[in-house]
Structures are given as structure tokens and as C-alpha cells.
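Below are the chains, spelled out letter by letter.
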Amino acid sequence: MGHGHAHHHHAHNEARTLIAAGLTGSFMLAEVVGGVLFGSLALLADAGHMLTDFVSLSLAFFAFRLSRRPADWKRTYGYDRFQVLAAFVNGVALLVIVAWIVVEAIRRFAEPVEVAGLGLMAVAGLGLLVNIAAFLALHGADRDNLNIRGATLHVLGDLLGSVAALIAGMVIWMTGWTPIDPLLSLLVAVLILRSAWGLTKDSARILLEAAPKDLDVRHIAPDLMEAIPEVEDVHHVHAWSITEGKAMITLHARVPVGSMPDPIAAAIKARLAERFHITHATVEIECEGCADS
């Protein structure tokens, strides 16, 4: 039942990611043409962002396809981690785009460029509709998934980019004040930066085998010793995640002479699941002259 539900969840995420990728990729080309024709950095920044969106959404789709594969003797955890790797690549790509937008915007402040306000508004307005459609497609997917989170952040950044380009077009058309174009590009860059940093940090934490975000490993030993009287000491505690929400732990527990190791190990696992929500635990019982269970 659980496996079937997870499979359905995966297929659901996959389909929505593919829709968003198709929408983004098709409109990106229109933005590049519009940006060049109308001389707008806001449009080109958005198109550059949309290019990595298209790549990252395709990567997210590929990650879902790949993580469906079962574990084998070479990859004993399966391909689940590929999603985290895709999320990390997404985050880094976003940071690179932010740097490009900032450099280009500074250059534009120094040497203003003629921007066609009406054309900019037309392309940006269309872009906004496409981005809303892509965002709604992803919004119905599993938002706890790092891969979906990365894809959604990209599309949200695009949506903001389209809004900024639309406002820039309106201001230029009404007042002729062109610095609004790079100015709003910088605002979008700041918004993208905030999300990109969070995504890169979260995915890097998992790739570096750090402890899960909401788990303080320092509390585990005292809790187990208090909850299970037979446990004298807990050491060699290692906790990490395969993907967001899939925590693993290994630990050694010392118990008194003559104890029954199996029931104690079972009690430790039950406590870890109940108190710390870790259901995949490897427990090594250390005991001199323990009774055979």
C-alpha cells in the first residue's frame, strides 16, 4: 500500500514537472527574441533564468524517472539521491544567474540602453501567464520534496521576473525612464538569491551526510538511556539522510552483563521511531557475556 502510494506520488510529481518544463522551454525562446528586439535586460535576465529553469525542470523530471529504479548491488540505496543532486545543481545555477544579472545591471546603469516599453510589456505579460500556468502545475505536487522545491523556486523566480519586466515596460512606456529596467532586474536577483541559497544549503547538507535538519543528535544518547533502563551507554552515533525526510541512523549501545540483546535493540529502534521519527536504524549492542536471545 505504502509503496503504491509512493509510486503514484512520484508519477504525479513527474507529470507536473514535465508540464512546467514544456511551458518554460517554449516561452524562453520568445523572451530571448523579445529581449534582443526591445533592448530589455529585464527580459533577457528572465530569459536567462528561464533557460536554467528549463534545464533544471528537465533535470528534476529526469531525477524522478531515475529514482524510480530499484536498488541494485552497486547502488544499495537506489537512485533517490539523484533528486538531491539535481536540487543542488539547481541552486548553484540560480546563484550563477544572480551574479550575471547583477553585473549586467551595473553595466546598464553606467551605459543606459534604449528600451522599447510597449514591446517589453507585451512579452512580459505573456511570460507572466506562462509562468503562472507552470507555477500552478508544480503547486499541486509534493512540496516537501527538495527536487520539487527547487523547480518551484525557479518558476517563482521567473514569475517575479515577468512581473518586474511588465512594471519596467509600463514605466518606460509612460515616462521614458529606462533605469527602471536594470533596477527591477536587481530586485528580482535579490529575491532569487534568497531562495537559491536556502536550496543549495539544504541539498548540500544531505550530500555531505550531515545530520537531518530537525534532528539534534546530542539528545539521542541521554534520551535512550533514560527511556530504556538496560542501556548503560550510547556512542558511535551517526545520523544522515538519503533524501529530505528519509533519515538513517547507526549507533552502539552498551548493556549490562547477562542482558538479552535482541529485545533491547528492538526497544531502542521503537524509541528512535517514536521520539525522533527515525524508522531506519542499525543498532549494535555491546555486552560482555550477554545471554543468547
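Residues numbered from 1 in each chain as written. Predicted model: local features only at pLDDT ≥ 70, side-chain atom pairs only at ≥ 80, totals over all residues. Heavy atoms only, no water.

A. Examining the pairing of strand S3 (residues 280-286) more closely. The alternating pattern of S3 places Ala-281, Val-283 and Ile-285 on a buried face, while none of His-280, Thr-282, Glu-284 and Glu-286, on the opposite face, is buried. Where strand S2 (residues 247-254) and S3 come together, seven bridges link them in parallel fashion. Across the sheet, Ala-253 pairs through a bridge with Ile-285, a residue of S3. Remark: the S2/helix H8 (residues 261-276)/S3 crossover connection has right-handed handedness. (Buried < 20%, exposed > 50% of the residue type's maximum accessible area, 1.4 Å probe, protein only. Helix = DSSP H or I, 4+ residues; strand = E, 2+ residues; numbered from the N terminus. Pairing = 2+ DSSP bridges. Right-handed = clockwise from strand over helix to strand, strands pointing away.)

B. How the structure looks around unusual backbone geometry. Even without being a glycine, Glu-209 presents a positive backbone phi close to 60°. Structurally, Glu-209 is set in the loop between helix H6 (180-207) and helix H7 (220-227). A positive phi angle is found at His-277, which is not glycine, with a value near 60°. As for its position among the elements, His-277 is in the loop between H8 and S3. Relative accessible area serves as the criterion here: at 64%, His-277 is assigned to the exposed category.

C. The nonpolar core, seen in detail. Leu-43, Leu-120 and Ala-165 are the most contacted members of the largest nonpolar core, which totals 25 residues. When residues of this core are traced back to their parent elements, those giving at least two are helix H1 (2-38), helix H2 (41-67), helix H3 (81-110), helix H4 (117-139), helix H5 (146-175) and H6. The element contributing the most residues to this core is H6, with six residues. In contact with Ala-165, not counting residues within four places along its chain, are Ala-42, Leu-43, Leu-120 and Ala-124. The next biggest cluster of nonpolar side chains, apart from the first, holds 22 residues, and it includes Val-231, Ala-247, Val-255 and Ile-278. (Core = buried A, V, L, I, M, F, W, Y, C linked by side-chain atoms within 4.5 Å. Contact = heavy atoms within 4.5 Å.)

D. Highlighting the sheet that holds S3. The three strands lie next to each other as S1-S2-S3, forming an open sheet whose pairing is mixed. Where the open sheet ends on each side, the last strands, each with one partner, are strand S1 (233-241) and S3. Each adjacent strand pair in this sheet contributes to an overall mean axis angle of 10°, direction not counted. Relative to S2, S1 runs antiparallel, the two sharing seven bridges. (Axes fitted to C-alpha atoms, helices over the stretch in contact; angles between N-to-C directions.)

E. Broad picture of the packing of aromatic side chains. Applying the stated criterion to the full structure yields one aromatic pair. Relative to Phe-82, the ring of Phe-62 lies with its centre 5.5 Å away and its plane at 90°, an arrangement referred to as edge-to-face. One end of the pair, Phe-62, is in helix H2; the other, Phe-82, is in helix H3, and 20 residues separate them in sequence. By relative accessible area, Phe-62 is classed as partly exposed at 44%. Above the plane of the ring of Tyr-79 lies Arg-69, whose end atom (NZ or CZ) is 5.2 Å from the centre. Directly above the ring of Phe-276 sits Arg-275, whose terminal nitrogen or CZ lies 4.9 Å from the centroid. (Phe/Tyr/Trp six-rings, centres within 6.5 Å; stacked < 30°, edge-to-face > 60°. Lys NZ or Arg CZ within 6 Å of the ring centre and 35° of its normal.)

F. Spotlight on the environment of Glu-286. Position of Glu-286 among the secondary structure elements: in strand S3. In this structure, the C-alpha to C-alpha distance between Glu-286 and Glu-232, residues 54 residues apart in sequence, is 10 Å. Among all residues touching Glu-286, those that are not within four sequence positions of it are His-235, His-252, Ala-253, Arg-254 and Val-255.

G. Region of interest: the side chain of Glu-31. Summarising the element assignment, Glu-31 is placed in helix H1. One buried charge, Glu-31, has no salt-bridge partner; the nearest side chain with opposite charge is Arg-108, at 13 Å. Excluding anything up to four places from it in sequence, Glu-31 contacts Leu-43, Asp-46, Ala-47, Met-50, Val-123 and Ser-162. (Lys, Arg positive; Asp, Glu negative; His and termini not counted. Salt bridge = Lys/Arg side-chain N within 4 Å of Asp/Glu carboxyl O.)

H. Here's a closer look at H5. Its 30 residues give H5 an end-to-end C-alpha distance of 43 Å, which sits within 8% of 44 Å, the value for a rise of 1.5 Å per residue. A positive phi of about 75° marks Gly-176, the residue just after H5. (Expected span 1.5 Å × (residues − 1).)

I. Broad picture of the pattern of salt bridges. Taken as a whole and assessed by the stated rule, the structure comprises 16 salt bridges. The closest approach of N and O atoms between Arg-107 and Glu-111, which form a salt bridge, is 3.7 Å. Arg-107 sits in the partly exposed class, given a relative accessible area of 42%. Glu-274 is the partner of Arg-271 in a salt bridge, and the nearest nitrogen-oxygen pair spans 3.5 Å. One end of the pair, Arg-271, and the other, Glu-274, are both in helix H8, three residues apart, so they sit about a helical turn from each other. What makes Glu-274 exposed here is its relative accessible area of 56%.

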